[in-house]
Amino acid sequence: MTQVRNFPIGGPLLEVQHISLRFGGVKAITDTSFNVLEHEIRAIIGPNGAGKSSLLNCINGIYKPQEGKIVFKGEVLDKISPNIIAQKGISRTFQNLALFKRMSVIDNILVGRKLHMDCNFLQVAFQTPRARQEEEENRERCEELVEFLEITDIRDTPVGKLPYGLQKKVELGRALATEADILLLDEPMAGMNVEEKREMCRFILKVNDELGTTMVLIEHDMGVVMDISDNVVVLDYGKIIADGPPEEVRTNQDVIDAYLGVAHD
Amino acid sequence: MTDKPVFMTYSRSDVTNFAVLMILAFAVVPFTIETDYWYSSILIPWLCLALAAIGQQFVMGYAGQLALGAAGFMAAGAFACYNIELRIPWMPFPLSLLFSGIIAAAFGVLFGLPSLRVRGIYLMVATLASQFFIIWMIDKFGWFKNYDTSGIITAQDIMIFGVPFTSPMQMYLVVAVVVTILTILAVNMTRGSVGRNWMAVRDMDIAAESMGISLLRAKLQAFALSAFYCGVAGALFAFTYLKSLEPVAFDIKLSFSILFMVILGGLGTINGAFVGAAFILLFPVVLNTAGNAWFHGTIDATIISAIEQVVFGALIILFLIYEPLGMAKLWENTKQRLLDRRPVGEARPNKKPKTG
Ligand SMILES: Nc1ncnc2c1ncn2[C@@H]1O[C@H](COP(=O)(O)OP(=O)(O)O)[C@@H](O)[C@H]1O
Ligand SMILES: [Mg+2]
């Protein structure tokens, strides 16, 4: 982590400012603020129910927080739907796999290319040269991704038939295919064994290093968090209790009390 | 599964299948089938209904929206075509069809709006509005029927640049050409980004939206194109099969038939539309013939039709439970078994198409 990076960490890319989110009486997030810096790998940790997923859902427009705002590349993302937020350069994966189950691996990843494909239905229906070229180029990008993720042998399998670990990988592939500026990864390594986790880390680090993609990832495995993240935000009961480099957060007494102490097993 | 394309985006087997079908449709059938019955009562309605079923596939099989009201859009297309032919007599029939489809598509967008709010059975009920509203509108405003009071309006003769197409075989050719063109376009769309976006919405709408797909656009596009196909199908159905225009021909029973075609044929396949339409159309014919042959007329027609209903119901339930991908998929599986004895559904090792 100490060698010179292709994309050195820059200024704030994403600013979460005083976000509060309630579901009826349940306060999922309370007055939460933090910045994600350009090109960094940012981990969000915290016990179950702390509001981590809700936070990603706010950033990506699935949930609309009652208070506060989210600023991305200097622009306020207010009351706009997830597809517009995707256009601005934010992509994600989901905690409980949200793949297109009946579609093949390659087609799932191709959907990730949606924002790079703008031929309308008439061009596609008549297979104009432009439509064919677009399809071909994007397919090629997806084939590269499939190779990079080492899932070539399952490229035509409907994702619903794949084991969990592979599905997680496909979902990462779909998010990577968007070539978004920032990826929100909600527990990308949950339920994986050490080997699989190591592989996922390798992909994340490689993409971050080669493309400079900013990553925000929710992760429970402290080893992984310490290894790959530049900064860590710790959430507990919807509030931030620590925010800083991993070494600093690890020694923070609040964090030890709230999270590490409990989750250490 | 995906083979190397040999022509545009089509694989060798696509091209061969297509060539065989085209030879059958335009070279073999017109020269071997002479009885009008085959054209008027089998081939023409089959192709018309298959076209409507493709429309139903878009919205239900691909975009995953449980819509019921295909016959309403067919009625819109049929009466639009009648009025265009009536009021702009020089209009070549293919153009009348195109505009009929576009008018039906406008209704499709309108009645697709509930899909932005509700889903499943609620959407099904909401889309039924199209069925009732369109028929009501045609009945209510005399203009649509040119103030005809007899109840049955005769469809105009099909004229294309002064050439009449009036014999059953000629009409079959018109239908076959239109259905061929629209089927190719449907295959292109469903295999391309349009179909992928629809399927993404079908399988996981939140994720689709997070990848940049506008649910509003994708759903309304599916409804519009679905209604376009149904509209053209309805116009063809009225002008070449019924040869008349009567709203009752497009009642809810027809909408259900089209829904069943898609379920039995196989959700999310274009082939399934043709297989399903053939089955729904031919099944009663076969059952009737068999009934008469076995029981020599001693069995009542109402009993046969009751049997038909029961068997249909049972088949639909069986397919929904055991083979949601329908008869088209069953056929695929059988073919694959016969061809290479490889277990179905197992990924083929590392066969990557070279697109380029
Ligand atoms: N859609 C929702 N409706 C109601 N409550 C929700 C919803 N999403 C999250 N919550 C609640 O918000 C809190 C935070 O949940 P979540 O963000 O999933 O936590 P985490 O991802 O940190 O485990 C929990 O109490 C959860 O029950
Ligand atoms: Mg969570």
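## Here we look at the overall build of chain A
The secondary structure content of chain A amounts to ten helices and ten strands. Against the globule reference of 18 Å for 265 residues, chain A gives a C-alpha radius of gyration of 19 Å, in line with a compact fold. With the C-alpha coordinates of chain A rotated into their principal frame, the extents come out at 60 × 40 × 40 Å. Classification of the 265 residues of chain A by burial places 55% in the buried group. Residue pairs at least 24 apart in sequence account for 68% of intrachain contacts in chain A once pairs closer than 6 positions are excluded. On chain A, roughly 11500 Å² of surface is accessible, and the fraction owed to carbon and sulfur atoms is 50%. Taking the average place of the 30 positive charges on the side chains of chain A and the average place of its 41 negative ones, the gap between the two points comes to 6 Å.

## Brief notes about the overall build of chain B
Regarding its fold elements, chain B presents 13 helices and six strands. Over its C-alpha trace chain B gives a radius of gyration of 21 Å, about what one expects of a compact globule, namely 21 Å for 356 residues. By its C-alpha atoms, chain B is 65 × 55 × 45 Å across when sized along the principal axes. Counting the 356 residues in chain B, one finds 51% classified as buried. For chain B, the proportion of contacts with a sequence separation of at least 24, taken over those separated by at least 6, is 76%. A total accessible area of about 16700 Å² is found for chain B, and carbon and sulfur atoms account for 69% of it. Computing the positive centroid from 23 side-chain charges and the negative centroid from 19, chain B places the two 12 Å apart.

## Points about the nonpolar core
In globular proteins that are soluble, nonpolar side chains generally tend to be buried together. Residue and element names in this part refer to chain B. Residues Phe58, Tyr229 and Phe250 are the most contacted members of the largest nonpolar core, which totals 116 residues. If you tally residues by element for this core, the top one is helix α9 (residues 215-242), at 17 residues. Setting aside chain neighbours within four positions, we find Phe250 in contact with Ala71, Met74, Ala75, Ala78, Gln131, Ile135, Gly234, Phe237, Ala238 and Leu242.

## Some words on the domain arrangement of chain A
Residues and elements named next belong to chain A. If you check the domain split of chain A, you get domain 1 (1-89 + 180-265) and domain 2 (100-178). Here domain 1 and domain 2 have C-alpha centroids that lie 26 Å from each other. In this assembly, 18 residues from domain 1 lie in contact with twelve residues from domain 2. Here domain 1 meets domain 2 over a buried area of about 1200 Å², counting both sides, of which 70% is carbon and sulfur. Where domain 1 meets domain 2, there are two salt bridges. As a salt-bridge pair, Glu199 and Lys169 come within 3.1 Å of each other at their nearest N and O atoms. Linking domain 1 with domain 2 are three residue pairs in polar contact (both at pLDDT 80 or more). Those elements giving two or more residues to the side of domain 1 that touches domain 2 turn out to be α2 (82-88), β7 (182-186) and α7 (194-211). The element best represented in the side of domain 1 that touches domain 2 is α7, accounting for seven residues.

## Section: helix α2 (residues 36-62) of chain B
Maximum bend of α2 of chain B: about 35°, positioned at Gln56 of chain B. One or two steps after α2 of chain B, the chain reaches Gly64 of chain B, where phi turns positive at roughly 70°.

## Notes on the pairing of strand β8 (residues 214-218) of chain A
Residues and elements named next belong to chain A. Burial analysis of β8 places five of its five residues in the buried class, which makes it a mostly covered element. Residues Thr214, Val216 and Ile218 point to one face of β8 and Met215 and Leu217 to the other, with burial holding for every one of them. Viewed along the sheet, the connection from β7 through α7 into β8 turns out right-handed.

## Thoughts on helix α3 (residues 70-87) of chain B
For α3 of chain B, with 18 residues, the first-to-last C-alpha span of 26 Å sits near the 26 Å given by 1.5 Å per residue. Where burial is concerned, most of α3 of chain B is hidden: 16 out of the 18 residues are buried.

## Examining the interface of chain A and chain B
With 44 residues of chain A in contact, the opposing surface of chain B contributes 41 residues. When chain A packs against chain B, the two sides together hide about 3500 Å² of surface, and 62% of this comes from carbon and sulfur. For the interface between chain A and chain B, the tally reads one salt bridge. Put simply, Arg196 of chain B and Glu135 of chain A hold a salt bridge, and the shortest N to O gap is 2.9 Å. For the pair chain A and chain B, the interface holds five residue pairs in polar contact (both at pLDDT 80 or more). Every element with two or more residues in the side of chain A that touches chain B is listed here: α2, β6 (90-92), α3 (105-111), α4 (121-125) and α5 (129-148) of chain A. If you tally residues by element for the side of chain A that touches chain B, the top one is α5 of chain A, at seven residues. A breakdown of the residues in the side of chain A that touches chain B according to their chemical character gives 18 nonpolar, nine polar and 17 charged.

Reading guide: rules and limits
Residues numbered from 1 in each chain as written. Chains lettered and ligands numbered in written order. Predicted model: local features only at pLDDT ≥ 70, side-chain atom pairs only at ≥ 80, totals over all residues. Heavy atoms only, no water. Helix = DSSP H or I, 4+ residues; strand = E, 2+ residues; numbered from the N terminus. Rg over C-alpha atoms; globule rule 2.2 N^0.38 Å. Buried < 20%, exposed > 50% of the residue type's maximum accessible area, 1.4 Å probe, protein only. Contact = heavy atoms within 4.5 Å. Areas by Shrake-Rupley, 256 points an atom, 1.4 Å probe, with all protein chains shown as cover. Lys, Arg positive; Asp, Glu negative; His and termini not counted. Charge placed at Lys NZ, Arg CZ, Asp CG, Glu CD. Core = buried A, V, L, I, M, F, W, Y, C linked by side-chain atoms within 4.5 Å. Domains from an automatic or database assignment. Buried area = accessible area lost by both parts, 1.4 Å probe. Salt bridge = Lys/Arg side-chain N within 4 Å of Asp/Glu carboxyl O. Polar contact = N/O pair within 3.5 Å; in protein donor to acceptor, adjacent residues only side chain to side chain. Bend = angle between axes of the 7 residues up to and from the residue. Right-handed = clockwise from strand over helix to strand, strands pointing away. Expected span 1.5 Å × (residues − 1). Nonpolar A, V, L, I, M, F, W, Y, C, P; charged D, E, K, R; others polar.

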